[in-house]
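One-letter residues, chain by chain:
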Amino acid sequence: MGINPSTPRVGILALQGDVVEHLAAMRSAEVEAVEVKNSRDLTGVDALVIPGGESTTVMKLLNRFSLDRPIVARVRAGMPLWGTCMGMIVAAREVADVAQPTLNLIDVTVRRNAFGRQNESAEMDLSIAVLGEAPFPAIFIRAPWIERCGPGVELLAQRDGHGVMVRQNNVLATSFHPELAGDLRVHRYFLDMLVKQGKKTAAA
Amino acid sequence: MESTGTIVVKRGLAQMLKGGVIMDVVTPDHAAIAQEAGAVAVMALERIPADIRAAGGVARMSGIDLIRGIMDAVTIPVMAKVRIGHFAEAQVLQQLGVDYIDESEVLTPADDRYHVDKHAFKTPFVCGARDLGEALRRIAEGAAMIRSKGEAGSGNIVEAVRHMRAIGDAIRDLSVAPKEELVARARELGAPLELVREVAANGRLPVVLFCAGGVATPADAALMMQLGAEGIFVGSGIFKSKDPKRFARAIVDATTHFSEPSVVLEACRSLGMSEAMPGLDVRQLSEAELMAPRGN
């Protein structure tokens, strides 16, 4: 099953978290978006988003419902993946300080709740060069930051000197929540990754 | 410029908890069991509702060392309860740094007329409601998340069903009501017109809606999710059951896959011979014993 670059279908991992918000944002960006609750759903999508939520909960559910290995296999084979907040933690290679399993799909170390607890959750404008000149309205909720980037990881945005947006080949991760922002530029950036990946697969 | 305590980040944390289970815990050990089972957050309190019921007397905000101990024991968000209208208890919890404050009818109300002005706080609030009017009054006061009240500590789902259906029916009614009716509808609901218009236009509350009050089994959780709850609070149902670890995990599984009977079946089966908490017939409770009518 190849990726069709003209009509991609994006899956939103729907075990827990702000799934509906991601579906709505993808549909605003004029792509088909569907929930992924099991490995059967996963086979029908060209890209996957792991939404905001609780990473300890979702890691357990991925394991209990046997979705972890199929996701790792698809992403290692080139399927584009985007993790927001919890999704960034789940995709990371490791979590600083706490012993927590992850899917190890992007070579970064993340620190959970690094900007603080809920009282420190914040909205702020971030400058993100790959999105153009206008600042991006970033929403951080008990957000993690990136403590270490491995070779081959591009650091795309920082807040107060801490990494909050990274990409390594087909994997994108943001500490903040573009799905809540009403600004679709990160979505378009991800969809562009998907289209380019599709062309690469078609050419191969 | 960063802005903290905005409506977006307050409502946003509740959005991140959707599809999950929030569990009442009374010790750091309970909190660890809840997190291990897959809870998305815990509610730190001194006694679970069934024991508050049994103990009688005045139920207040929990001890600070207890809440702090639970905050230190887990990485998931920690909520704690204040008495209805007790804004000084809420100031204390905000200062302590809990992630969400529950202005709760499970505790003895401190004010029999007014709720806390929740806009004045950086920490978000969740409040209980029995119907749409009550939900919108709490949102007008600044609540960033709503839960059904149910009848806490009863192990009986009937009140939560009543409240979820009442809220859902009223939202459906509003979403087809002609515009000229909305002023009168707002008056009937006892809710601000702006919020009534918003619900009519969007067909949903402007904040996340969870179910609380009486969930005791995985099937109870699946029932409430299918009735439109976006997540589940379990109070006494886990730590008053015969096997808290299994009940916690089974309720998480059933909440995740609420529309998949094969998963809910497996969750029920995983309980083996372990019994759910004992239940109460809500009709046998006296007016004074009922918690849901507190605050309106």
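Quick note: structure is the one above.
Since this is a predicted model, take the numbers as computed values, not measurements. (Residues numbered from 1 in each chain as written. Chains lettered and ligands numbered in written order. Predicted model: local features only at pLDDT ≥ 70, side-chain atom pairs only at ≥ 80, totals over all residues. Heavy atoms only, no water.)

K.L.:
Explain the sheet that holds strand β5 (residues 100-104) of chain B to me, and be specific about the residues and the numbers.
P.N.:
Residues and elements named next belong to chain B. Strand order in this open sheet of 8 strands is β8-β7-β6-β5-β4-β3-β2-β9, and the pairing throughout is parallel. The open sheet has two free edges, formed respectively by β8 (208-210) and β9 (232-234), since each of these has just one partner strand. Each neighbouring strand pair of the sheet contributes to a mean axis angle of 30 degrees, computed without reference to strand direction. Pairing between strand β3 (residues 41-44) and strand β4 (residues 78-83): 3 bridges, direction parallel. (Pairing = 2+ DSSP bridges. Helix = DSSP H or I, 4+ residues; strand = E, 2+ residues; numbered from the N terminus. Axes fitted to C-alpha atoms, helices over the stretch in contact; angles between N-to-C directions.)

K.L.:
Pulling in residues and values, what's your account of the interface of chain A and chain B?
P.N.:
A common way to state how big an interface is: give the accessible area lost once the parts meet. Of the residues lining the interface, 37 residues belong to chain A; the matching set on chain B comes to 42 residues. Each partner contributes to the roughly 3,100 Å² buried at the junction of chain A and chain B, and carbon and sulfur atoms together form 50% of this total. It is R64(A), R117(A) and N119(A) that lose the most area in chain A upon contact with chain B, and together they represent 22% of the buried surface on that side. Our count for the contact surface shared by chain A and chain B stands at 6 salt bridges. Counting across the chain A and chain B interface gives 25 residue pairs in polar contact (both at pLDDT 80 or more). Of all the elements in the fold, those that place two or more residues in the side of chain A that touches chain B are α1 (19-28), α3 (55-64), β7 (122-126) and β8 (136-140) of chain A. Element by element, the count of residues in the side of chain A that touches chain B is highest for α3(A), at 5 residues. Taken together, the residues of the side of chain A that touches chain B break down into 11 nonpolar, 11 polar and 15 charged. Where β7(A) meets strand β1 (residues 2-4) of chain B, 3 bridges bridge the pair, whose relative direction is antiparallel. Residue pairing in the sheet places E123(A) in a bridge with S3(B) of β1(B). (Contact = heavy atoms within 4.5 Å. Buried area = accessible area lost by both parts, 1.4 Å probe. Salt bridge = Lys/Arg side-chain N within 4 Å of Asp/Glu carboxyl O. Polar contact = N/O pair within 3.5 Å; in protein donor to acceptor, adjacent residues only side chain to side chain. Nonpolar A, V, L, I, M, F, W, Y, C, P; charged D, E, K, R; others polar.)

K.L.:
Which residues make up helix α6 (residues 132-140) of chain B, and what values go with them?
P.N.:
Since the α-helix turns once every 3.6 residues, residues separated by three or four places project in the same direction. Residue and element names in this part refer to chain B. Burial of α6 is extensive: 8 of the 9 residues sit out of reach of the surface. Residues of α6 that are buried include every one of L132, G133, E134, A135, L136, R137, R138 and I139, and no others. Two or three places before G133, at the opening of α6, D131 has a side-chain oxygen 3.3 Å from that residue's backbone nitrogen. Residue G142 follows α6 closely and has a positive phi angle near 115 degrees. (Buried < 20%, exposed > 50% of the residue type's maximum accessible area, 1.4 Å probe, protein only.)

K.L.:
Give a detailed account of the nonpolar core, specifying residues and quantitative values.
P.N.:
In terms of nonpolar packing, the biggest core is built from 100 residues, with L13(A), L62(A), I71(A) and M224(B) touching the most fellow members. Among the elements that take part in this core, helix α7 (residues 158-176) of chain B stands out by supplying 7 residues, more than any other. If sequence neighbours within four positions are ignored, I71(A) has contacts with L13(A), L42(A), L48(A), L62(A), L103(A) and L105(A). (Core = buried A, V, L, I, M, F, W, Y, C linked by side-chain atoms within 4.5 Å.)

K.L.:
Give me helix α1 (residues 7-16) of chain B: which residues, what numbers.
P.N.:
α1(B) sits mainly inside the fold: 7 of its 10 residues count as buried. Three or more residues of α1(B) are buried, namely V9(B), K10(B), G12(B), L13(B), A14(B), Q15(B) and M16(B). Those residues of α1(B) hidden inside the fold are in contact with α1, β7 and β8 of chain A together with β5, β7 (145-148) and β8 of chain B.

K.L.:
Mind laying out the packing of aromatic side chains, listing which residues take part and the relevant values?
P.N.:
All names here are of chain A. Under the defined criterion, the tally for this structure stands at 7 aromatic pairs over all chains. Ring geometry for F115 and W145: centres 5.1 Å apart, planes at 80 degrees, overall edge-to-face. You can see F115 sitting in the loop between β6 (106-111) and β7 and its partner W145 sitting in strand β9 (residues 145-149), a full 30 residues away along the chain. Of the two residues examined, F115 and W145, each falls in the buried class. With a centroid separation of 5.9 Å and an interplanar angle of 50 degrees, the aromatic rings of F136 and F176 are classed as tilted. Pair noted here: F136 is in strand β8 and F176 is in the loop between β12 (171-174) and α6 (185-203), with a separation of 40 residues, a long-range link. Considered together, F136 and F176 belong to a single accessibility category, that of buried residues. Through a chain of ring-to-ring contacts, the aromatic side chains of F115, F136, F140, W145 and F176 assemble into a single cluster. Above the plane of the ring of F115 lies R159, whose end atom (NZ or CZ) is 4.0 Å from the centre. Positioned above the aromatic ring of F140, the side-chain terminus of R159 is 4.6 Å from the ring centre. (Phe/Tyr/Trp six-rings, centres within 6.5 Å; stacked < 30°, edge-to-face > 60°. Lys NZ or Arg CZ within 6 Å of the ring centre and 35° of its normal.)

K.L.:
How would you explain the packing of α6(B) against helix α9 (residues 193-202) of chain B if you had to name every residue and give the values?
P.N.:
Residues and elements named next belong to chain B. In the contact formed by α6 and α9, the axes pass within 10 Å of each other and the chain directions differ by 120 degrees. Classified by the angle their axes make, α6 and α9 are oblique. Classified by chirality, the crossing of α9 by α6 is right-handed. Of the residues in α9, those touching α6 at L136, I139 and A140 are L195, V196 and V199. The residue makeup of the contact of α6 with α9, split by class, is 6 nonpolar, no polar and no charged. (Parallel < 35°, antiparallel > 145°, perpendicular 65-115°, else oblique. Left-handed = near helix turned anticlockwise from the far one by under 90°.)

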